[in-house]
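Survey of secondary and tertiary structure
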Amino acid sequence: MKFNEGEKMANEKVKFKGLVKWASVPPNEPRKPFEIDDKEPDNTSYSIEVECSVAQFNELMAKGLPKLSTLREDEETGKTYIRVKASKVKGKYTFPDPKVVDIAGNKFEKKIGNGSECVVIAELRPIKGRKGVALGLKAVQVLKHVDYEDDSDIDDMLEIHPHAEMTTDDVDDDSEW
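Now for a look at the structure at hand. What you are looking at is a predicted structure, and each value in this text was computed from that prediction instead of being measured.

1. A look at the side chain of Thr80
Along the chain, Thr80 turns up in strand E4 (residues 80-89). Residue Thr80 is classed as buried on the basis of its relative accessible area, which comes to 19%. Polar side-chain contacts of Thr80 include one of 2.5 Å to the backbone oxygen of Cys52. The residues touching Thr80, leaving out its near neighbours within four places in the chain, are Val50, Glu51, Cys52, Ser53, Val54, Leu71, Arg72 and Glu73.

Below is the structure:
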């Protein structure tokens, strides 16, 4: 069933279960878009990419998910992922901050690393004043946690020398990749 402008629909819960990438959920700060002219951006979002089958994605599209939504294929694994987010636009969240819990339902307070296995609960609801539906992040349950690895060493190096290009001489032969 496809929902059109003006149609009443009950919000529908959608469940994804699988590996996640690029988790920006509490306790992390929401992700900000690129800043322009040193102004604080007005829009931020919590988001997570979660495994999603092509069939599940097509089912969401049939319900009116905007064509801007994309299913991304991971080149290394061949798995497909969809980004689910809770956005803040002009100071107001379109969906509240997502709840993040562990396998027992207790509050989870660690950063979620790529490859963690999670259940992601999202909600489909009509977009006010437009056709289609929005897919909003509601909750994340961490089933198997992979530690978040910070790439700050690389960031620090690039910040010190923003136009420096790394060479193979910059890396120890004994370092792990």
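2. Some points on the nonpolar core
One finds Phe16, Ile82, Ile112, Val120, Leu135 and Val140 to be the most contacted residues of the largest nonpolar core, which totals 26 residues. Of all the elements in the fold, those that place two or more residues in this core are strand E1 (12-24), strand E2 (44-51), helix H1 (54-62), E4, strand E7 (117-126) and strand E8 (133-144). A per-element tally of this core places E8 first, with 5 residues. Val120 has contacts with Val14, Lys15, Phe16, Val20, Ile48, Val50, Leu137, Ala139 and Val140, leaving out every residue within four places of it along the chain.

3. Here's the deal with the pairing of E1
Where E1 meets E7, 8 bridges bridge the pair, whose relative direction is antiparallel. By the bridge assignment for E7, Lys15 is matched with Ile121. Summarising the sheet, E1 and E2 pair through 3 bridges and their orientation is antiparallel. Paired with Val20 across the bridge in E2 is Val50.

4. Considerations on the environment of Ser53
Following the sequence through the fold, Ser53 ends up in the loop between E2 and H1. The class of Ser53 is partly exposed, set by a relative accessible area of 39%. In this structure the C-alpha to C-alpha distance between Ser53 and Tyr81, which are 28 residues apart in sequence, comes to 7.8 Å. Ser53 has contacts with Leu71 and Thr80, leaving out every residue within four places of it along the chain. Only 3.0 Å separates the side chain of Ser53 from the backbone nitrogen of Gln56, close enough to count as a polar contact.

5. With respect to the packing of aromatic side chains
What characterises a pair of aromatic rings is the spacing of the ring centres plus the angle enclosed by the ring planes. Following the criterion strictly, the structure yields 0 aromatic pairs and no others. The aromatic ring of Tyr81 is capped on one face by Lys21, whose charged end is 5.9 Å from the ring centroid.

6. Focus on the pattern of salt bridges
Counted under the stated rule, the structure contains 7 salt bridges. One salt bridge connects Arg72 with Glu49, and the closest N-O pair in it is separated by 2.6 Å. Remark: Glu49 occurs in strand E2 and Arg72 occurs in strand E3 (residues 71-73); sequence separation between them is 23 residues. We classify Glu49 as buried; its relative accessible area is 8%. Here Glu59 ties to Lys63 by a salt bridge, and the two come within 3.8 Å at their closest N and O atoms. Within this structure, Glu12, Glu59 and Lys63 form a network of salt bridges that share partners.

7. Describing the environment of Pro98
Residue placement: Pro98 occurs in the loop between strand E5 (92-93) and strand E6 (99-101). Each C-alpha atom of the pair Pro98 and Ile121 lies 9.2 Å from the other, and the pair is 23 residues apart in sequence. Sequence-distant contacts of Pro98, defined by excluding residues within four places in its chain, comprise Val25, Pro26, Tyr46, Ala86, Leu137, Lys138 and Ala139.

The rules behind each value
- Residues numbered from 1 in each chain as written.
- Predicted model: local features only at pLDDT ≥ 70, side-chain atom pairs only at ≥ 80, totals over all residues.
- Heavy atoms only, no water.
- Helix = DSSP H or I, 4+ residues; strand = E, 2+ residues; numbered from the N terminus.
- Buried < 20%, exposed > 50% of the residue type's maximum accessible area, 1.4 Å probe, protein only.
- Polar contact = N/O pair within 3.5 Å; in protein donor to acceptor, adjacent residues only side chain to side chain.
- Contact = heavy atoms within 4.5 Å.
- Core = buried A, V, L, I, M, F, W, Y, C linked by side-chain atoms within 4.5 Å.
- Pairing = 2+ DSSP bridges.
- Phe/Tyr/Trp six-rings, centres within 6.5 Å; stacked < 30°, edge-to-face > 60°.
- Lys NZ or Arg CZ within 6 Å of the ring centre and 35° of its normal.
- Salt bridge = Lys/Arg side-chain N within 4 Å of Asp/Glu carboxyl O.

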